[in-house]
Amino acid sequence: MKKFVWRAQKVLDVRKIEEQRKKNELLKIMENLTGKISLFVAKKALLREMLEKLNTQDLNKNFEQRRMFFRHLAVNDSAIEQLKKEIAALEAEQKEKIAELLKIRQYSQGLEKLRAQAKEKFYAEQEKVEQRQADEDAVMKYARAKVNS
C-alpha cells in the first residue's frame, strides 16, 4: 500500500512552528507582566506599611521620619506611575499576541482538518484499488481453474 503524502504538510509544519514561537513570546510577556505587577503590589504595600507605622507613632517623636517619608513619596509615586504605564503597555502587547496566536491556531486547525479529510479520502481510494485488485485476482484464479479443468 502506498504511503499517505499530503502536499501542504510543510505549510502545516511551518504554521505549527510559528504557533509555538508565538506561544513562547506570549509566555515571556506574561512572565514580564507578572514580575511588574508583583513589583507594583510590593511597592504599594511597602508604602502603605510605612505610612501605617508612622501613623501609629507619636507625631512629635517621628517628625523627621515623616518629613523624609513624604519627601521620598514623590519619587516612589513616580516609580509607581511608571510601573502602571509599563503594566498597561505589557497588557496591550499581551492582548495583541493572544490575537495573533488565535489567528495562527485557527489557520493551523483548518489545515489539520483538510489533512484529515485528504487522508481519509486517500485511504478510501486505496481500499477501492485494493478491492479492485482482489476482485481481479479472484476472477483470474477462477478463469485459470476453469481452463485447467
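The following refers to the structure shown. Please read all numbers here as calculations on a predicted model, not as lab measurements. (Residues numbered from 1 in each chain as written. Predicted model: local features only at pLDDT ≥ 70, side-chain atom pairs only at ≥ 80, totals over all residues. Heavy atoms only, no water.)

1. Section: the pattern of salt bridges
Within the structure shown, the criterion is met by 11 salt bridges. One salt bridge connects E25 with K97, and the closest N-O pair in it is separated by 2.9 Å. Here K97 lies in helix α2 (residues 63-148) and E25 lies in helix α1 (residues 9-56), a separation of 72 residues in the sequence. A residue is classified by how much of its surface remains accessible, and E25, at 22% relative accessible area, is partly exposed. Among the residues examined, K97 registers a relative accessible area of 13% and is labelled buried. By sharing partners, the salt bridges in this structure join R21, K22, E25, K97 and E100 into a single network. (Salt bridge = Lys/Arg side-chain N within 4 Å of Asp/Glu carboxyl O. Helix = DSSP H or I, 4+ residues; strand = E, 2+ residues; numbered from the N terminus. Buried < 20%, exposed > 50% of the residue type's maximum accessible area, 1.4 Å probe, protein only.)

2. Comments concerning α2
The terminal C-alpha atoms of α2, which comprises 86 residues, lie 121 Å apart, in line with the 128 Å expected from a rise of 1.5 Å per residue. The sharpest bend along α2 reaches about 30° and sits at L73. (Expected span 1.5 Å × (residues − 1). Bend = angle between axes of the 7 residues up to and from the residue.)

3. Some points on the nonpolar core
In terms of nonpolar packing, the biggest core is built from 10 residues, these being I29, L33, F40, L47, L54, F69, I80, L83, I87 and L90. Contributing elements (two or more residues each) for this core: α1 and α2. Residues within four places of L83 in sequence aside, it is in contact with K36, L39, F40 and K43. Grouped together as the second largest cluster of nonpolar side chains are 5 residues, F4, W6, L12 and F122 included. (Core = buried A, V, L, I, M, F, W, Y, C linked by side-chain atoms within 4.5 Å. Contact = heavy atoms within 4.5 Å.)

4. Notes on the packing of aromatic side chains
With the rule as written, the count across this model stands at 3 aromatic pairs. The interplanar angle of 55° and the centroid separation of 5.4 Å between the aromatic rings of F4 and F122 together place this pair among those described as tilted. Here F4, found in the segment before α1, pairs with F122, found in helix α2; they are 118 residues apart in sequence, far enough to count as distant. Here F4 matches F122 in class, with each residue buried. Measuring from ring centre to ring centre gives 6.5 Å for F4 and Y123, while their planes differ by 35°; the resulting arrangement is tilted. You can see F4 sitting in the segment before α1 and its partner Y123 sitting in helix α2, a full 119 residues away along the chain. Residue F4 is classed as buried on the basis of its relative accessible area, which comes to 13%. For Y123, a relative accessible area of 36% corresponds to the partly exposed category. Members of the aromatic cluster, connected to one another through ring pairs, are F4, F122 and Y123. (Phe/Tyr/Trp six-rings, centres within 6.5 Å; stacked < 30°, edge-to-face > 60°.)

5. Examining the environment of E18
Here E18 is to be found in helix α1. Note on E18: relative accessible area 22%, which makes it partly exposed. Through-space distance from the C-alpha of E18 to that of S108 is 9.9 Å; in sequence the pair is 90 residues apart.

These values are about where atoms sit, not about what they do.
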